[in-house]
Amino acid sequence: MEKMILAGFGGQGIMSMGQMIAYAGMVEDKNVTWLPSYGPEMRGGTANCNVIVSDKDIASPIVDHASTVIVMNKPSLEKFEHYVAPGGNLYINSSLIDHKVSRTDIHVHYIPASDIAVEIGNVKVANMVLLGALLKISKVITEKSVLDALSKVLGSSKTHLFEINELALEKGAALVSNTNPNIAM
Amino acid sequence: MEKMILAGFGGQGIMSMGQMIAYAGMVEDKNVTWLPSYGPEMRGGTANCNVIVSDKDIASPIVDHASTVIVMNKPSLEKFEHYVAPGGNLYINSSLIDHKVSRTDIHVHYIPASDIAVEIGNVKVANMVLLGALLKISKVITEKSVLDALSKVLGSSKTHLFEINELALEKGAALVSNTNPNIAM
Amino acid sequence: MKTVFEKTKGLTDKTFHYCPGCTHGIVHRLVAESLVELNVLDKAIGVAPVGCSVFAYEYFNCDMQQASHGRAPAVATGIKRVLPDSIVFTYQGDGDLASIGSAEIMHAAARGENITVIYVNNAIFGMTGGQMAPTTLIGQVTTTSPNGRDPLTDGYPINMSEMLAQLIGSTYIERVSITNVKNVKHAKKAIKKAFENQINNKGFSMIEILSTCPTNWGMTPLDSLKWLDEKMQSVFPLGVFKEVK
Amino acid sequence: MKTVFEKTKGLTDKTFHYCPGCTHGIVHRLVAESLVELNVLDKAIGVAPVGCSVFAYEYFNCDMQQASHGRAPAVATGIKRVLPDSIVFTYQGDGDLASIGSAEIMHAAARGENITVIYVNNAIFGMTGGQMAPTTLIGQVTTTSPNGRDPLTDGYPINMSEMLAQLIGSTYIERVSITNVKNVKHAKKAIKKAFENQINNKGFSMIEILSTCPTNWGMTPLDSLKWLDEKMQSVFPLGVFKEVK
Amino acid sequence: MKKVIFKHDECKGCGLCAAVCPKKIIFFDKSINPNGFHPATVDEQDKCISCGFCATMCPDLIITVRKEV
Amino acid sequence: MKKVIFKHDECKGCGLCAAVCPKKIIFFDKSINPNGFHPATVDEQDKCISCGFCATMCPDLIITVRKEV
Amino acid sequence: MKKVLMKGNEAISEAAIQAGCKFFFGYPITPQNEIPAYMAKHLPKAGGRYTQAESEIAAINMVYGAAGCGARVMTSSSSPGMSLKQEGISYLAGAQLPCVIVNIMRSGPGLGGILPAQSDYFQAVKGGGHGDYNLIVYAPSTVQEAVTLTMEAFDVADLYLTPVMILGDGILGQVMEPVEFIPPKKRKLPKKTWATTGNDGSRPNNLINSLYIEADVLYERTLAQYKKYDLIKEKETRYELYNTADAEVIIAAYGSTARIVKSVIDGLLEEGIRIGLIRPITVWPFPYTIFEEYASSDKVKKFLTIEMSMGQMIEDVKLGVNGKKPVDFFGRTGGKIPTYDEIKGKVIEVIREVTA
Amino acid sequence: MKKVLMKGNEAISEAAIQAGCKFFFGYPITPQNEIPAYMAKHLPKAGGRYTQAESEIAAINMVYGAAGCGARVMTSSSSPGMSLKQEGISYLAGAQLPCVIVNIMRSGPGLGGILPAQSDYFQAVKGGGHGDYNLIVYAPSTVQEAVTLTMEAFDVADLYLTPVMILGDGILGQVMEPVEFIPPKKRKLPKKTWATTGNDGSRPNNLINSLYIEADVLYERTLAQYKKYDLIKEKETRYELYNTADAEVIIAAYGSTARIVKSVIDGLLEEGIRIGLIRPITVWPFPYTIFEEYASSDKVKKFLTIEMSMGQMIEDVKLGVNGKKPVDFFGRTGGKIPTYDEIKGKVIEVIREVTA
Ligand SMILES: Cc1ncc(C[n+]2csc(CCOP(=O)(O)OP(=O)(O)O)c2C)c(N)n1
Ligand SMILES: Cc1ncc(C[n+]2csc(CCOP(=O)(O)OP(=O)(O)O)c2C)c(N)n1
Ligand code: SF4
Ligand code: SF4
Ligand code: SF4
Ligand code: SF4
Ligand code: SF4
Ligand code: SF4
Ligand SMILES: [Mg+2]
Ligand SMILES: [Mg+2]
């Protein structure tokens, strides 16, 4: 069972990334839930969602103890760092977050996702860079299902965006080996 | 304890007659309650109220078993005849009600109140004619208190009406001796 | 002998519960006759309000819904959207339409809801015993304006017809009165036209009928008609305020 | 160097939560500056609505009440009747004022309530995510008019200023916009006058400000200003609709 | 046969009919009907011109009017 | 001393100021502020004529304008 | 002070005025119309102001505005109108504003009828509005008690910063009885420093508000509010015991129904039959403890709840009795007032069961 | 049928459409805005019509009009909006009109917040409106269950001629899960011969009404209605038992809270600790009997009610348990969702008490 929290600025594609994971999980016949936070942070500020993908029935869709957390901006790191369960993975968009995590009981992955996204041509695919990294590590769903989900999300009118998203996934996956060395466990 | 139901057409002064009795009772330091029916019969139709005057505390202001009932029109007689407790008094405005009561366990007083009222100059004092009769029989309150109440109700602007009301009371009282002979008990 | 006037089949046999001389009865008749003459009684669904005319459902000889106070236009909207071919009317007092229900009437008009609104303005809350209404005249004494309506505390009478005529969605709005035979005949024409509009899918029509409340005005029925002509009409002038052809 | 523009003391230090380019912020400033310039900030009691400006109470540097959706004019009435010398204003969106709250604004105007109403019309329900409002233009796409507002189903935009101007109780009603420097300066004048009226006990004043919602219109802030000028203004023409001198 | 007929029992004695009758033939009976009102009525049927004014104004639809043909 | 000053951290990068500046001197910084926006700024302070247009349009009261006296 | 003969509705109004109520916002509805009429006539003489609102919703929101300025303020209505006020009441409770709300109940549901009923009990005490809150709810039985409780209601509202409801029925509103206006025991009331009255700079801005967008903040605020509720339960719970000593059957009834029950109890006593009545005076806070006490007594065999409803207060009675004794029910609703004979019949039936 | 990934709000909407709902009347409010949006988009395609009302009050009265014509009709809102609908709901119940009303609860009182809560329980089940009436209230826990119950709701409404409420919370409305749309078991439904559809003379006029000015008539009508309620209690009461066999502690929870509780139960089971859950699916009619049954079992030592409120359903739990066992409470409110750890902590505390 993978219990995820994804968080960032509104507009960074947090919600759609979560939905893509859930959709991919469903396609693979897993149980999935996606729960957005729709709280006070709506106007501007941060956005986040909980995603669970599991082989077993999912009781609660709420993630208090996450096996995976992705944070795309600094306020999100501050808010969600302690949600990562010991042994879990924390993916950090290091392009926008200069802070280093001091916890040693978790795997921390610093990924300059926004920079890479700009590099490959569209800052909006930073989320896909991080997702690529996640897929590499977690294996909860396959890249293929995600690409299926992606083409569904994009629809026929936006197929031209498919390639850059795919590229972003790959870049992210490639980056995840050279994560920050000072991580324990 | 006198438990009364007064009933008639809207406009026949049923409510104010009841209030006068209650007021007079209060002046005499008795416990009193006055409860109007404000039900479906409001527009046109009948009006009625419950009045209780008592030396003891009054628990419920609702009169289910009346010691006195005054009816000023026919629908009221039909509705309230059976509310009169055995041994109680029923005062009937015989000017408007030609029906004769068959119950033999109560005192029935047929009083041509409307006719008398017209006779003495104002059909609106028919209620006072009946009240005069009641006071003669029941003695629950004195005529003096009623006249006090009356002058309060009329206020200074309508003192010219005082005399005719007083006269009506007297006429009613006078009539009550020659009540219909076929009454048992 | 030919019968030149008898009770319309658009009304049931039930006797009205209105006070003597209350002109609600006249308006009932005009509405019912219009439905019969336009041959739509079988398609008519009326909405009875809360107000003295709350029992309208016992009088109109067609399917009826009783609506909560002020919300008849919303109820009528629900009906009309389910049954677009039915002929839907609301029958509302000034308390109902211009006080608690002002949002609902405004939005039914703005939506251009294809219904007919019969608005009986008697400048008072009749049913509850004569309280000040939004339509009560300045200086008029009611149980809640015991010294006469004072604009500083109680505000000014609301001219609903003039206001609703401003809305793009409204099609036909006229104010009529029933104080004499001529006025009654004209009122009938207006009401009939308001139903014709609905039959022709023209949208929202409202006829405001100035009406009396002898009981709560504290006047005889005849004095009430006079007061209506003399006082009420100067605040609520008769006339057509909107007519989209 | 002389400061020619700085943040008014009529606003707190708190940063607005509004979306980038949302002109709610401009309107806030104009209101706050007016209160300061008229020297009545110390007597001001504002009523914050439900809508994107629900947190207005955190921004206006005076006593504030947060009101339920649409009822700000009723709340303001309660305040003004207790404290007739206070300067009371409501700040309401078009959903708040022209939809759920249409009865309350209408009756506050009819009562001639001596308050100032700031009516921010952005042709949409901003806070709830861009649903159709009564002010949404024909053809405008929103989450609840996915194919564009269709008058047959959704009715027509409501011109509140024109409507309320019909009421005897209203004193001053003007529609302004904030799409450029000149308009903003004019809007300021109108808002200030609306408060002056209250200070002078003239009664009900309302300024309708056409405003943008880049987020829910799905446009950049600059395109929003253009759309407002080009499309919105033709349905909601600027101007004074009522002025009792 | 009568030209103008009143349902006496349901009349409320409001007087609207009498006020508009051009022939002034409508008057109020001394009797009281079951609702407590003096009902309107017409004795001089022959004077009635069947104009229907009374019925037009009667709020309670008490009146039927017929015309000789 | 600067004529036009921006609270960079609170700017939302909406562009309303830049659009109305008669001197077209307002531009957007490459940096991202804590709210995720590229903040508006002016480098060529000397070109500013202190007209205040930018501040008049700024919905977030980010801008202070001063004039040489 | 001299007694005056007054309708319940009028007496409540006069009591409010004497308690310093200066503002009334209302909308007509039977059977409480004497309240706005009385207020319109007498409030201005007392230096106050009557405002007729365009609707119940406007009225309750005007109350909000006025209460937020620190004024003593009241509104009144009857059942359908009270339903419309529920959002506003929830706001008042959420913003912790003191005010007095009168419900002179009539029959429902829907338009129902205008005759007396007690079928808004749940709405009044459980929360007809949304969210976690309660009102203090007084259920007077006589006009005199209505006067006393109305006067106290304003103090209690100001003391605990909460809306207080007077829950009467059509009988209470319409009945005339002699009453005296005796001011309640003086309580030390806090200054309304929170009121929005304009800020001259001598304090932070005041805010009347129920919006707490952060869950933690709203949760803490709610907890604090419920602490206050605990205090109210402790200090303000009221009930009357009538003939309960040695009674095997205890009737629970409130308001006008309790008066009829008392008549029956008196009547039965004359016949030598002893039954008791617990009459809740506050229906919120409900006097659970006294029910628990009597339920624990060996003497008491059974409880009988009598209401002008299909059974609403009975749930609170059961919660108090907590399974210790059976709780029976007798009800009339829809505007039907239970008669003396009906109640007597039911009571005798229950007594037979108990003694059998 | 294939599973689709949908938000609870969307799934409820789609379920309604598939159940033959043709008319929706709504007004926006968070967190249920996906419902009107979905309806606006998809209802016309299904031959229905979406109408945005000017307010919640207008919406519920439009529902009344449409339901009175025999249409399948729905409205939805969230807490403050539901408070505004109370008069209309009372009218619908009084006029015995079938319809479906969705409340996706947020925190209160007043404007409160937009985060999930369960603090409108009392309003939903005890009667937020005036008068004697009840609604059938379904409290789905998952999106799939929301779909199933929404579909059934229309049938049940038509069968018993009553408004039916879907009582969800912000979590249910916002969560996305895979769902299937399986039509419910067919029920034999009565023809709507009472509907106002225009009268061609072939029948008496039809009337939609809740006004019964004569007490006797309204009383009889109410009694008949409550007979129907008895039938509903008998036939339609639903609950889920989770792990209750051999449990010494029984938790009562509904809706989203029940999901968190299940997680905790699963977690504790892995640690070898066995506790059970009774999850009411209908909160009206409330499954009192099953609580009574478990309360009567010697095995069960204690009940623990867990809600996102200050304690509302707990009263029904207590009425079911009827004093046989203690009933404890754990709540979070104001938009706070009780965490796994918090609930686990409380449960362990209760278990310690019980075994001590
Ligand atoms: C929600 C609600 N509020 C108030 C009432 C009480 N009420 C009944 S009718 C009415 C006003 C009637 O006035 P109007 O609409 O002018 O009709 P009229 O009786 O004058 O014909 C009121 C306030 C009610 N039934 N429901
Ligand atoms: C009773 C009630 N109904 C609905 C809502 C949800 N709601 C919040 S704001 C809003 C509309 C906002 O639109 P508008 O007034 O135009 O303000 P804007 O956000 O566009 O500035 C709605 C419907 C609510 N909070 N309360
Ligand atoms: S109270 Fe007035 S409006 Fe009502 S029936 Fe009587 S006269 Fe007509
Ligand atoms: S949603 Fe629209 S109105 Fe609201 S803050 Fe954003 S841009 Fe402004
Ligand atoms: S028909 Fe004409 S003439 Fe005959 S009674 Fe009537 S009003 Fe008079
Ligand atoms: S108008 Fe009708 S009700 Fe009035 S007096 Fe004449 S017949 Fe009778
Ligand atoms: S003050 Fe005028 S010139 Fe200077 S930056 Fe602003 S808009 Fe440009
Ligand atoms: S207008 Fe204000 S917020 Fe917008 S870019 Fe310019 S300085 Fe920033
Ligand atoms: Mg009226
Ligand atoms: Mg808006």
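Residues numbered from 1 in each chain as written. Chains lettered and ligands numbered in written order. Predicted model: local features only at pLDDT ≥ 70, side-chain atom pairs only at ≥ 80, totals over all residues. Heavy atoms only, no water.

Asker: Would you mind showing me how to read the overall build of chain G here?
Answerer: Of the regular secondary structure elements, chain G holds 13 helices and 15 strands. Against the globule reference of 21 Å for 356 residues, chain G gives a C-alpha radius of gyration of 21 Å, in line with a compact fold. Here chain G holds 356 residues, and the buried ones make up 71% of them. Side-chain charges of chain G comprise 39 positive and 39 negative groups, with the mean position of each set lying 5 Å from the other. (Helix = DSSP H or I, 4+ residues; strand = E, 2+ residues; numbered from the N terminus. Rg over C-alpha atoms; globule rule 2.2 N^0.38 Å. Buried < 20%, exposed > 50% of the residue type's maximum accessible area, 1.4 Å probe, protein only. Lys, Arg positive; Asp, Glu negative; His and termini not counted. Charge placed at Lys NZ, Arg CZ, Asp CG, Glu CD.)

Asker: Looking at this model, I keep getting lost on the site of ligand 4. Mind explaining?
Answerer: Surveying the vicinity of ligand 4 reveals 12 residues, the closest of which are Cys19, Cys22, Cys52, Cys213 and Asn216 of chain D. Chains contributing residues near ligand 4 are chains A and D. No other element matches the three residues that helix H9 (residues 214-217) of chain D contributes to the shell around ligand 4. (Near = heavy atom within 4 Å.)

Asker: Which parts of the structure should I look at to understand the site of ligand 1?
Answerer: The local shell around ligand 1 holds 23 residues, among which His24, Asp94, Gly95 and Asp96 of chain C together with Glu56 of chain G are the closest. Proximal residues around ligand 1 fall on chains C, G and H, making this an inter-chain site. Within the side chain of His24 of chain C, one N or O atom sits 2.8 Å away from an oxygen atom of ligand 1. In isolation ligand 1 offers 590 Å² of accessible surface; the protein chains occlude 99% of this area. Broken down by element, the residue count for the shell around ligand 1 peaks at four residues, all from helix H4 (residues 94-100) of chain C. Considered class by class, the residues forming the shell around ligand 1 number 11 nonpolar, eight polar and four charged. (Polar contact = N/O pair within 3.5 Å; in protein donor to acceptor, adjacent residues only side chain to side chain. Areas by Shrake-Rupley, 256 points an atom, 1.4 Å probe, with all protein chains shown as cover. Nonpolar A, V, L, I, M, F, W, Y, C, P; charged D, E, K, R; others polar.)

Asker: Looking at this structure, I do not really get the relation of the copies chain H and chain G. What am I missing?
Answerer: The two chain copies are connected by a rotation around an axis plus a translation along it. The two copies are related by a screw motion: chain H maps onto chain G through a turn of 180° and a shift of 0.0 Å along the axis, at an RMSD of 0.0 Å. Taken together, the turn and the small shift mark the pair as related by a two-fold rotation axis. The rotation axis passes nearest to the C-alpha of Gly128 of chain H in chain H, at a distance of 1.8 Å. Counting the interface residues of chain H, we find that 100% of their copies in chain G are interface residues as well, pointing to one common contact surface. (Least-squares fit on C-alpha atoms with pLDDT ≥ 70 in both. Contact = heavy atoms within 4.5 Å.)

Asker: Would you explain the coordination of the magnesium ion (ligand 10) in this entry?
Answerer: When four donors bind a metal tetrahedrally, each ideal donor-metal-donor angle is 109.5 degrees, and when six bind octahedrally, the ideal angles are 90 or 180 degrees. All names here are of chain D. Within the protein, the magnesium ion (ligand 10) binds to Asp94 (OD), Asn122 (OD1) and Ile124 (O); these donor distances fall in the range 2.0 to 2.2 Å. Between the donor residues of the magnesium ion (ligand 10), the gaps in sequence give the motif D-x27-N-x1-I. Linking Asp94 in helix H4 (residues 94-100) with Asn122 in the loop between strand E5 (116-121) and helix H6 (151-154), this pair joins segments that are 28 residues apart in sequence. A relative accessible area of 7% places Asn122 in the buried class. (Donors = N, O, S within 2.8 Å, 3.2 Å for Na, K, Ca; no water.)

Asker: Help me understand the coordination of the magnesium ion (ligand 9), please; the structure alone is not making it clear to me.
Answerer: Protein ligation of the magnesium ion (ligand 9) involves Asp94 of chain C (OD), Asn122 of chain C (OD1) and Ile124 of chain C (O), the donor distances falling in the range 2.0 to 2.1 Å. Each donor residue of the magnesium ion (ligand 9) belongs to the same chain, with the gaps between them written as D-x27-N-x1-I.

Asker: Sorry if this is basic, but what is going on with the interface of chain A and chain H here?
Answerer: Interface size is often expressed as the accessible area that is lost when the parts come together. Listed as interface residues are 20 residues of chain A and, on the opposing side, 26 residues of chain H. Taken together, both faces of the contact between chain A and chain H bury some 1800 Å²; the carbon and sulfur share is 70%. When the buried surface of chain A facing chain H is broken down by residue, Met26, Tyr38 and Ala59 of chain A rank first, second and third, together holding 34% of it. Viewed at the interface, chain H and chain A are joined by one salt bridge. Residue Glu270 of chain H pairs with Lys56 of chain A through a salt bridge whose shortest N-O separation is 4.0 Å. For the pair chain A and chain H, the number of links is six residue pairs in polar contact (both at pLDDT 80 or more). Among the elements that line the side of chain A that touches chain H, the one with the most residues is strand E2 (residues 31-36) of chain A, at five residues. Its residues assigned to classes, the side of chain A that touches chain H shows 13 nonpolar, five polar and two charged. (Buried area = accessible area lost by both parts, 1.4 Å probe. Salt bridge = Lys/Arg side-chain N within 4 Å of Asp/Glu carboxyl O.)

Asker: Looking at this model, I keep getting lost on the sheet that holds strand E4 (residues 63-67) of chain E. Mind explaining?
Answerer: The pairing of strands in a sheet comes from backbone hydrogen bonds and takes either a parallel or an antiparallel form. Here three strands make up an open sheet; going across it, the order is E1(C)-E4(E)-E1(E) and the pairing antiparallel. Of all strands in the sheet, those bounded by a partner on one side alone are strand E1 (2-5) of chain C together with strand E1 (4-6) of chain E. Between one strand axis and the next, the sheet turns through 30° on average, direction left out of account. Sheet topology note: the E1 of chain E/E4 of chain E ladder contains three bridges and is antiparallel. (Pairing = 2+ DSSP bridges. Axes fitted to C-alpha atoms, helices over the stretch in contact; angles between N-to-C directions.)

Asker: Could you clarify how one ought to interpret the pattern of salt bridges in this entry?
Answerer: Applying the stated rule across the entire model yields 81 salt bridges over all chains. Residues Asp158 of chain G and Arg72 of chain G are paired through a salt bridge, measuring 2.9 Å at the closest nitrogen-oxygen approach. In this pair, Asp158 of chain G sits in helix H7 (residues 143-160) while Arg72 of chain G sits in the loop between helix H3 (56-68) and strand E4 (73-77), placing the two residues 86 residues apart along the sequence. Note on Asp158 of chain G: relative accessible area 8%, which makes it buried. On the accessibility criterion, Arg72 of chain G (16% relative accessible area) is buried. The residue Lys262 of chain G makes a salt bridge to Glu240 of chain G at a minimum N-O spacing of 2.9 Å. Here Lys262 of chain G, found in helix H10 (residues 255-270), pairs with Glu240 of chain G, found in strand E10 (residues 239-242); they are 22 residues apart in sequence, far enough to count as distant. Lys262 of chain G sits in the buried class, given a relative accessible area of 15%. Among the charged side chains, a network of salt bridges with common partners joins Arg29, Glu33, Glu37, Lys188 and Lys192 of chain C.

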